[in-house]
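# Chain and residue survey
Here are the chains, one letter per residue:
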Amino acid sequence: MASVYIPVQNSEEEVRVALDQLPRDASDILDILKAEQAPLDLWLIIAREYFKQGKLEQFRQILEEGSSPEIDEYYADVRYERIAILNALGAYYSYLGKIETKQREKEEHFILATQFYNKASRIDIHEPSTWVGKGQLLLAKGEVDQAFNAFKIVLDGDRDNVPSLLGQACVEFNRGQFSDSLELYKRALQVNPNCPAAVRLGIGLCRYKMGQFEKAWQAFHRVLELDPENVEALVALAILDLHTNAAAGIRKGMEKMQRAFELYPYCAMALNYLANHFFYTGQHFLVEQLTETALAVTNHGPTKSHSYYNLARSYHSKGDYDKAGVYYMASVKEISKPQEFIFPYYGLGQVQLKMGDLKSSLSNFEKVLEIYPDNCETLKVLGHIYVQLGQMGKALEFMRKATKIDPNDAQAFLDLGELLISSDAGAAQDCLKTARNLLKKEGQEVPIDVLNNLGVLHFEKGEFELAQQTFREALGDGVWVAFIDGKEKAPSIDADASIFQYKDMNMFLQLEKEGHLVKLPWNKVTTLFNLARLLEQLHNTETAAIFYRLILFKYPDYVDAYLRLAALAKARNNLQLSIELVNDALKVNNKSPNALLMLGDLELKNDDWVKAKETFRAASEATEGKDSYATLSLGNWNYFAAIRNEKRNPKLEATHLEKSKELYTKVLAQHSANLYAANGAGVVFAEKGHFDVSKDIFTQVQEAASGNIFVQMPDVWINLAHVYFAQGNFPLAVKMYQNCLRKFFNNTDSQILLYIARTQYEAEQWQDCKKTLMRAIHLAPSNYTLRFDAGVVMQKFSASTLQKPKKSVDEVRSTVAELENAVRLFKQLSAASSLHFHGFDEKKIDTHVEYCSHLLEAARVHLTAAEHEEQKIRQKQELARQMAIAEEARRKAEEQRKFQLERRMQEDELKRVKQQEEHFERIKEQWKSSTSGSKRRPSDIIDEEGGHSEKRRRKGGKKRRKDKHSRSRYETEEAEAEQMDYQEAPENEDADTHYRESTGHMNEQDDEENAQNPLEAVGLEDSDIEDEAAPAGRRRRAWSESDDDEEQQERQLESSPRRENSADVQSDGEGDKPDEDLDDEE
């Protein structure tokens, strides 16, 4: 048993004080210490023992007495012990200030601690323990930089001072410099390997912050080896186990937390983690108890923030949003920066969003997004907040970012699709398809509302088959499948009872009796209703009506089903049944705006104007004037009241038109995109004669209505055509009527055909007008007005044709036929019964009959005259035709003759060329034979050449004359051919005979010329030898022959115009083969 001995003054005796038996009243010990003037180190030992026993008041009392002025004065020479006592008091008050929760008391404790440390410094300013104490005080106060300087002063004097190393390590840890803090802890451990286990706890914390979880676990485990009851190490190891997110790790972690709690029930960290565990197990009472205890025992800001957060989550999950908001706010206030602990900001934003404080919620979620910019949940929440704030652009931006960050987040695609439905149906459809595929890929069931919305988008785009498949997928199996597949049909009923089939529910009772399960869950009602609307669009109204009745069979209060059945009855022109069904809907909800408006429209069609006006007013009052359709219906009522034919009053008409314009404008002010209100305003402007303004309005409405399957507005097309008609633009009006007829009515609306006929009538297109009326009569054979109009058109066409100054027989004949048809048609109408019911009287018809009969007589006279005139014209045309045939025959004969002549000339030319080629070949053969014969002297050759030169010249001149004669013959024939256009065939034969004779004569002359010298023929004669042998004789012959040639040329000039060409042919022919001369020489 530990004891201390206090020496008795002036004696060798000692007073033994057992440390485990210290008196409760410290005054007894103080009296002994003072009386015996015990050393100050004994004072410090006894005070420390009181502190260990938890007797803090006695601890403080002894140290304060030991630092009193009297003791300082008595122990003036004892410096270290006095400094130790003062530093102990400073450390004590620093601890009190650190754990104090009240700010005022906290500051008072820190002031006292500062005073004691300053007093110690006055004793010895260089004492390291004092500076270490000051550094710890500054750390407790949060003055990190000054604490760093205090520890640095100690380390500058002693770099191995362990307390300063540990203090500076704490400073670096608080600064976030975990690697530097780790080095300082290691250095302290190297200096003193026997440091307390808490030093290794600091090392583990640094490793944890640096992400080195394995080494952190080793450090914490080493702490437990040194100190098995170290609560902080247990908590740290438990946190590491919990972060594994494995079942075994979580179990081990909670076991360590429980052990830490048992060792020290006031460990705030353990309390918070235990509270977090019990939150997930749903034990909210334990959560609240643990967190309240943690808040009571800690003053650490982040720890308190976690405690408040756990408490707020508990209340949040229980739906107590007020308390949850308070504790979330308290958690936020304990945090200096959001990045330290962001979860309370997220929870606070959720509570504020639930409470409707959108701006505050937006601010908190934006802080979360700053810390975690890629958090998909935060992005989705921000998107929803911006939607509620009306900022669709930002909402879409956040939703698209969420889908890009996590392409596998089905909910993100669903949210984005819901946002895009109103602005971009195509993109919304793609998003919903992606979400459906992701859910199926994950094995999750696709929600019915998602499939329903996807089916509606297919419906709007006109993809009816895909829409039906999607609706069927959403509905799954049920009684509706048999009706869709045609396996079940509505029972046949009598024709008299067919008008009441929309109210018949017996078929479903019969199905139940037969054992069929007629079940319709509430979450599938909307999808079944949409499927019925799709079947209506596909013209399967029978099955659609069955589905509406099935909805009413299971849910009789479903108003929209009544209204759709009423619409089907109205389409069948059964207004009375339609009104009854609407009244049934009003029995369910007598203030249903849709039911009241439909009833008013039916009453208007039933010509019950007063009731219709009251019904429209009731609908407007039911919606407090906010329903656009109610206001629009009142505007329509005023417009129809203005144009009623039986009560046409200019003043009332102007009043009603102005009132309707006011109502249409009111609707447009509320909803600028309301096409029906804009169309009504355009109609009012047209009625007032402002056609340009109305045309612009109708054009804009037409463009806006295009491409939307739910906006079928044939009225705006018809109104635009009416405006073109009023402006006199008849072709464009007809085109617009035809487009409307084809687009909306499949070319089967007799009223629009009547509009087209009226336009063609005004454009004086009588035949087109008659054809259009015939089409209308075919569609509505019981409409006698159309027949009357057709007769008037025939009459007008006939009168206009007879008034023409020039008309053909066909026109007159057609006029007679039209008048006969018109007379017959008017007589049929005259014989018909109930004439006044069709809008015309018997006298008017008789007048038309008389007028058409008169025109018919005049037309027959015109027909006789026209036929006689036509006979004369035909005779003249026949004579002209025969003359043309004769002229064509003559032309063809002349072309044939010229063709034959040109062909003969080509053949002769080919023959002449061929003969020349043959002659040239013979010359070459003769030359080869002459060169291979006996050698002769040049003088003999010269003599022979001189002897025959005259003969050769004579024959050569003769050949030239023949060539000229034959050449000029072709030219003469060509000239004569121009004068022989009408000569007979015998003359042509004579010419051919003469031609053949001339050709034969020319060939004989060519044969005579073949006797010339072969050397001369090929241009190889020696001109010098020839000149020496017979120069004079040859010159004389040349002159004489040239004279003869000139005389002959003069004679030929008189007979042929192409003398020069003949001379050219002659000169070319002088090189012909001299066959006869070669024979003589041999």
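Residues numbered from 1 in each chain as written. Predicted model: local features only at pLDDT ≥ 70, side-chain atom pairs only at ≥ 80, totals over all residues. Heavy atoms only, no water.

## Describing the overall build of the chain
Across its full length, the chain carries 52 helices and two strands. Evaluated residue by residue, the chain yields a buried proportion of 42% over its 1082 residues. Long-range pairs, those at least 24 residues apart, make up 56% of the contacts in the chain between residues at least 6 apart in sequence. By element, 50% of the accessible surface of the chain is carried by carbon and sulfur atoms, the whole surface being about 60,400 Å². (Helix = DSSP H or I, 4+ residues; strand = E, 2+ residues; numbered from the N terminus. Buried < 20%, exposed > 50% of the residue type's maximum accessible area, 1.4 Å probe, protein only. Contact = heavy atoms within 4.5 Å. Areas by Shrake-Rupley, 256 points an atom, 1.4 Å probe, with all protein chains shown as cover.)

## Considerations on the pairing of strand 2 (residues 14-18)
As paired strands, strand 1 (residues 3-7) and strand 2 are joined by five bridges and run antiparallel to one another. Considered in strand 2, the bridge of Ser3 is made with Ala18. Hairpin geometry of strand 1 and strand 2 is characterised by an intervening segment of six residues between the two adjacent antiparallel strands and by a positive phi of about 60° at Asn10. (Pairing = 2+ DSSP bridges.)

## Focus: the pattern of salt bridges
In total, this model carries 34 salt bridges according to the counting rule given. The salt bridge involving Arg222 is made with Glu225; its shortest N-O contact spans 3.2 Å. Linking Arg222 with Glu225, this pair stays in helix 12 (residues 213-226), spanning three residues, or about one helical turn. Using a relative accessible area of 35% as the deciding quantity, one classes Arg222 as partly exposed. One salt bridge connects Arg897 with Glu894, and the closest N-O pair in it is separated by 3.0 Å. Within this pair, Arg897 and its partner Glu894 are both found in helix 45 (residues 842-931), separated by three residues, close to a single helical turn. For the pair shown, Arg897 and Glu894 are each scored as buried. (Salt bridge = Lys/Arg side-chain N within 4 Å of Asp/Glu carboxyl O.)

## Considerations on the packing of aromatic side chains
Under the defined criterion, the tally for this structure stands at 28 aromatic pairs. Ring geometry for Tyr309 versus Tyr328: centroids 6.1 Å apart, planes at 50°, classification tilted. In this pair, Tyr309 sits in helix 17 (residues 301-317) while Tyr328 sits in helix 18 (residues 321-333), placing the two residues 19 residues apart along the sequence. For the pair shown, Tyr309 and Tyr328 are each scored as buried. Ring geometry for Trp717 against Phe744: centres 5.6 Å apart, planes inclined by 75°, an arrangement best described as edge-to-face. Residue Trp717 is found in helix 39 (residues 714-726), and its partner Phe744 is found in helix 40 (residues 730-745); the two are separated by 27 residues along the sequence. Phe744 matches Trp717 in its accessibility class, with the two residues each being buried. (Phe/Tyr/Trp six-rings, centres within 6.5 Å; stacked < 30°, edge-to-face > 60°.)

## What to know about the nonpolar core
By size, the foremost hydrophobic cluster in this structure holds 60 residues, and its most contacted members are Trp480, Leu528, Leu531, Phe547, Tyr548, Ile551 and Val582. Once residues within four sequence positions are removed from consideration, Val582 is found in contact with Leu563, Ala566, Ala595, Met598, Leu599 and Leu602. Within the second largest apolar cluster, 49 residues are counted, among which are Val716, Ala733, Leu773 and Phe797. (Core = buried A, V, L, I, M, F, W, Y, C linked by side-chain atoms within 4.5 Å.)

## Section: helix 18
Under the 1.5 Å per step criterion, the end-to-end length of helix 18 is 18 Å for 13 residues, consistent within 8% with the ideal 18 Å. Of all the residues in helix 18, the buried ones are Ala324, Gly325, Tyr328, Ala330, Ser331 and Val332. Contact partners of the buried residues in helix 18: helix 17 and helix 19 (343-355). (Expected span 1.5 Å × (residues − 1).)

## Some points on the confidence of the model for the chain
Per-chain confidence: the chain averages 80 in pLDDT, with 83% of residues scoring 70 or above. Under a pLDDT of 50 for its full length, residues 492-499 has, in the predicted model, four contacts with residues more than four places off or in other chains. Counted against residues more than four places away or in other chains, residues 934-1082, with its pLDDT under 50, gives 150 contacts. (pLDDT = per-residue confidence, 0-100.)

## Some remarks on a nonpolar patch on the surface
A cluster of nonpolar residues, Leu263, Tyr264, Tyr266 and Val297, forms a patch on the protein surface that exposes about 360 Å² of accessible area. Following the sequence through the fold, Val297 ends up in helix 16 (residues 284-297). Owing to a relative accessible area of 34%, Val297 belongs among the partly exposed residues under this scheme. (Patch = residues over 30% accessible without salt bridge, like charges linked within 9 Å, V, L, I, M, F, W, Y side chains within 5 Å.)

## Here we look at unusual backbone geometry
Even without being a glycine, Asn245 presents a positive backbone phi close to 60°. Turning to its location among the elements, Asn245 is positioned in the loop between helix 13 (231-242) and helix 14 (247-263). According to the relative accessible area criterion, Asn245 is exposed, its value standing at 65%. Phi angles above zero are rare outside glycine, and His539 is one such case at about 65°. Considering the arrangement of structural elements, one finds His539 in the loop between helix 29 (525-537) and helix 30 (541-554).

## Observations concerning the environment of Ile250
Relative to the assigned elements, Ile250 resides in helix 14. By relative accessible area, Ile250 is classed as partly exposed at 34%. Considering only alpha carbons, one finds Ile250 and Ile239, eleven residues apart in sequence, at a separation of 8.9 Å. The residues touching Ile250, leaving out its near neighbours within four places in the chain, are Asp241, Leu242, Thr244 and Asn245.

## Concerning the environment of Asn783
With respect to the element layout, Asn783 can be found in the loop between helix 42 (766-779) and helix 43 (784-802). Along the sequence, Asn783 and Ser750 sit 33 residues apart, while their C-alpha atoms lie 9.5 Å from each other.

## Some thoughts on the environment of Glu65
Structurally, Glu65 can be placed in helix 3 (residues 56-66). Remark: the alpha-carbon pair of Glu65 and Lys34, spanning 31 residues in sequence, is separated by 9.6 Å. If near-sequence neighbours (up to four positions away) are discounted, Glu65 is found in contact with Leu30, Lys34, Trp43 and Ile71.

## Overview of the packing of helix 38 (residues 691-705) against helix 39
Where helix 38 contacts helix 39, the two axes come as close as 9 Å, and the packing angle between them is 150°. When the axes of helix 38 and helix 39 are compared, the pair comes out roughly antiparallel. Note on packing geometry: the crossing formed by helix 38 with helix 39 is left-handed. Contacts between helix 38 and helix 39 involve Phe691, Ser694, Lys695, Phe698, Thr699, Val701 and Gln702 on the former and, on the latter, Val716, Trp717, Asn719, Leu720, Val723, Tyr724 and Ala726. Looking at the contact of helix 38 with helix 39 residue by residue, the classes come out as nine nonpolar, four polar and one charged. (Axes fitted to C-alpha atoms, helices over the stretch in contact; angles between N-to-C directions. Parallel < 35°, antiparallel > 145°, perpendicular 65-115°, else oblique. Left-handed = near helix turned anticlockwise from the far one by under 90°. Nonpolar A, V, L, I, M, F, W, Y, C, P; charged D, E, K, R; others polar.)

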